[in-house]
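A structural walkthrough
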Amino acid sequence: MRYTPLSAATYREHRARFRKAMEKGGLAVFHSNDIMPTSADGSMPFHQAADIFHLSGIDQEETVLLLFPDAFDPKDREILFVRETSPSIAIWEGAKLTQKQATGQSGIATVLWTSSYDATLQRLLPQAKNIYLNSNEHLRQGNEVETREERKNKELCAKYPLYEVKRSAPTMHRIRSRKTKEEIAQIQNAVNITAKAFQRVLRFVKPGVKEYEIEAEITHEFLRNGSRGHAYTPIIASGYNACVLHYITNDDTCKSGDVILMDFGCEYGGYASDLSRSIPVSGKFTKRQRDVYNAVLNVQKAATKLLLPGVYLADYHKKVGVLMEKELIGLGLLDKKAVAKQDPEKPLYKKYFMHGTSHFLGLDVHDVGLWHEPIVEGMVFTVEPGIYIPEENLGIRIENNILVTKNGQVDLFKNIPREVDEIEALMKKGK
Ligand code: GLY
Ligand code: MN
Ligand code: MN
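Here we summarise the structure given alongside this text. Keep in mind that this is a model prediction, so the values were computed, not measured. (Residues numbered from 1 in each chain as written. Chains lettered and ligands numbered in written order. Predicted model: local features only at pLDDT ≥ 70, side-chain atom pairs only at ≥ 80, totals over all residues. Heavy atoms only, no water.)

Describing the site of ligand 1
Selection rule: Here a residue counts as near a molecule or strand whenever at least one of its heavy atoms sits within 4 Å of it. Here a polar contact means two N or O atoms within 3.5 Å. Within protein one must be a hydrogen donor candidate and the other an acceptor candidate, and residues neighboring in sequence count only if both atoms are side-chain atoms. Methods summary: accessible areas were calculated by the Shrake-Rupley approach with a probe of 1.4 Å, and residue burial reflects only the protein chains presented.
Around ligand 1, the surrounding shell consists of Tyr232, Asp263, Asp274, His359, His366, Glu384 and Glu399. Between ligand 1 and His366, the relevant distance is 2.7 Å, taken from an oxygen atom to a side-chain nitrogen or oxygen of the residue. The side chain of Glu399 places a nitrogen or oxygen atom 3.2 Å from an oxygen atom of ligand 1. In the complex, 84% of the free accessible area of ligand 1, which totals 200 Å², lies under the protein chains.

Considering the environment of Ala197
Note the cut-off: The secondary structure listing takes helices from DSSP runs of H or I that are at least 4 residues long and strands from runs of E that are at least 2 residues long, numbered from the N terminus. Only protein chains enter the accessibility calculation, which uses a 1.4 Å probe; a residue whose area is less than 20% of its type maximum is buried, one above 50% is exposed, and one in between is partly exposed. A contact between two residues is defined here by any heavy atoms of the two lying within 4.5 Å.
Examined against the element boundaries, Ala197 turns out to sit in helix H8 (residues 181–204). What makes Ala197 buried here is its relative accessible area of 0%. Each C-alpha atom, one on Ala197 and one on His246, is 21 Å from the other, the two residues being 49 residues apart in sequence. Among residues more than four places away in sequence, those in contact with Ala197 are Ile218, Glu221, Phe222 and Phe264.

So, the coordination of the manganese ion (ligand 2)
Counted only if it meets this: With water omitted from the atoms examined, metal sites may look incomplete; donors here are N, O and S atoms no farther than 2.8 Å from the metal, or 3.2 Å in the case of Na, K and Ca.
Taken together, the protein ligands of the manganese ion (ligand 2) are Asp263 (OD), Asp263 (OD), Asp274 (OD) and Glu399 (OE), with distances of 2.0 to 2.4 Å. Sequence spacing of the donor residues for the manganese ion (ligand 2), all on one chain, is D-x10-D-x124-E. A separation of 3.3 Å is found between the manganese ion (ligand 2) and the manganese ion (ligand 3), which share Asp274 as a coordinating residue. Of this pair, Asp274 sits in the loop between strand E11 (271–272) and strand E12 (275–280) while Glu399 sits in the loop between strand E15 (394–397) and strand E16 (400–404), placing them 125 residues apart in sequence. In this structure Asp274 comes out as buried when scored by relative accessible area, which is 3%. Taking relative accessible area as the criterion, Glu399 reaches 0% and is therefore assigned buried.

A look at the coordination of the manganese ion (ligand 3)
The following threshold applies: Note on geometry labels: four donors, all angles 85 to 135 degrees, give tetrahedral; four donors become square planar and six octahedral when opposite donors are over 155 degrees apart and every other angle is between 65 and 115; remaining cases are irregular.
All of the protein donors around the manganese ion (ligand 3) are Asp274 (OD), His359 (NE2), Glu384 (OE) and Glu399 (OE); their distances to the metal are 2.1 to 2.2 Å. Around the manganese ion (ligand 3) sit 6 donor atoms; with metal-centred angles ranging over 52 to 154 degrees, the donor geometry is irregular. One chain supplies every donor for the manganese ion (ligand 3), spaced along it as D-x84-H-x24-E-x14-E.

Quick word on the pattern of salt bridges
Put simply, the rule is: Any carboxyl oxygen of Asp or Glu that lies within 4 Å of a side-chain nitrogen of Lys or Arg is treated as forming a salt bridge with it.
Going through the model one piece at a time under the given rule, you end up with 34 salt bridges. With a shortest N-O distance of 3.0 Å, Arg19 and Glu78 are connected by a salt bridge. Placement of the pair is Arg19 in helix H1 (residues 8–20) and Glu78 in strand E3 (residues 78–82), with a sequence separation of 59 residues. Look at Arg19 and you get partly exposed, because its relative accessible area is 28%. With a shortest N-O distance of 2.8 Å, Glu137 and Arg167 are connected by a salt bridge. With Glu137 in the loop between strand E5 (130–133) and helix H6 (148–159) and Arg167 in strand E6 (residues 164–167), the pair connects residues that are 30 residues apart, well separated along the chain. Several salt bridges share partner residues, and in doing so they unite Asp51, Arg176, Lys179, Asp364 and Asp367 into one network.

Looking at the sheet that holds strand E10 (residues 266–268)
Our working definition: Strands qualify as paired when DSSP identifies two bridges or more between them. Only the stretch in contact is used when a helix axis is fitted, and all axes are lines through C-alpha atoms; the angle between N-to-C directions ranges over 0 to 180 degrees.
One open sheet accounts for 3 strands, arranged E7-E10-E11; its pairing is antiparallel. At either margin of the open sheet sits one strand with a lone partner, and together these are strand E7 (229–230) and E11. Inspection of the sheet shows E10 paired to E11 by 2 bridges, in the antiparallel sense. Bridge pairing links Tyr268 to Tyr271 in E11. H8 contacts E10 and E11 of the sheet and is inclined by roughly 140 degrees relative to E10.

Now the structure itself:
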């Protein structure tokens, strides 16, 4: 295994949190992801579904988790189904988890082969009052491809139409957004690898370098440190490209005088990190670039302090908008009088800062969480203000990952340079 997994005790704790939210007589089912095809006989690398991973730590295809706290037989209260191996699978794909290994990883005593899932469900359902099914309720999900979980849910509902179905997603969003101790440590592991990659980039960048060469440096640093790669498609955007928010072609040449906006983060053990840094190709910012950079940094520092338990994210985002307005007026990009008269529904700052400031971070880079409830300690957010000025071929974003504690915040990126002088000094040293 490339990474050190979380302990079985942590997965037990995650399941206990889920069980606590279940109604009496509930039976919950969670499925893993499919291995997605490409074309011919090709397939994508396997990516485990975040919810079953969160509850079991099992990073293998065709896994099913069944939670049934009120089952008559204690052995049926938690059942994990894993794919049975065979001599042919062992030769072509390598080792799969044994039942004993699956117990060791997840802390679940009853481990059966996936082939016995249908019959086990049929045996247990007469004892159940309702069925908890999981679904992707991420606010921005928009995938047209049916997941294995959605397919299996349909099959179950068709076969057992008379059971009351309940949604697991709201509970998953709640428990996944409040990180346990080991999860925070795992995110920090991901962050630490991302930090190494950034240090390497600072030494590497010079005029004439291709954006994809920078991407290659980052990818190499991730893989050699036990990460399976990027937590999301990296953005390496020099000059004007930084104003294209989802620029991922990364095929331009970095020119002296331009700033490169880089948004990248490694995954480690399934957990994401999410960094943005903006650095000068030549190693030195111009006066204007420095001013814009410091405006973004001022917003980032002030915004971070607003992330406290009890705060609603909608109120937080409004306050960050006011901070940004002030900076944009200072840069001469917005007019103070026009801002005073603006339509509050269409604030003028959105011309230069058109995305949100923060999102939940965890197993998914845009992690699940309850946006309509107040922040609680243990949540991890990004703080990522930006200013994009296409007419100046300049886009700057600075993004850190922040843990909210009882009395404040811990910056998981505190060791990753972000002050102008620090960045310039490190780039000079690399030359
Ligand atoms: N890297 C994606 C984001 O910053 O939200
Ligand atoms: Mn990012
Ligand atoms: Mn982000």
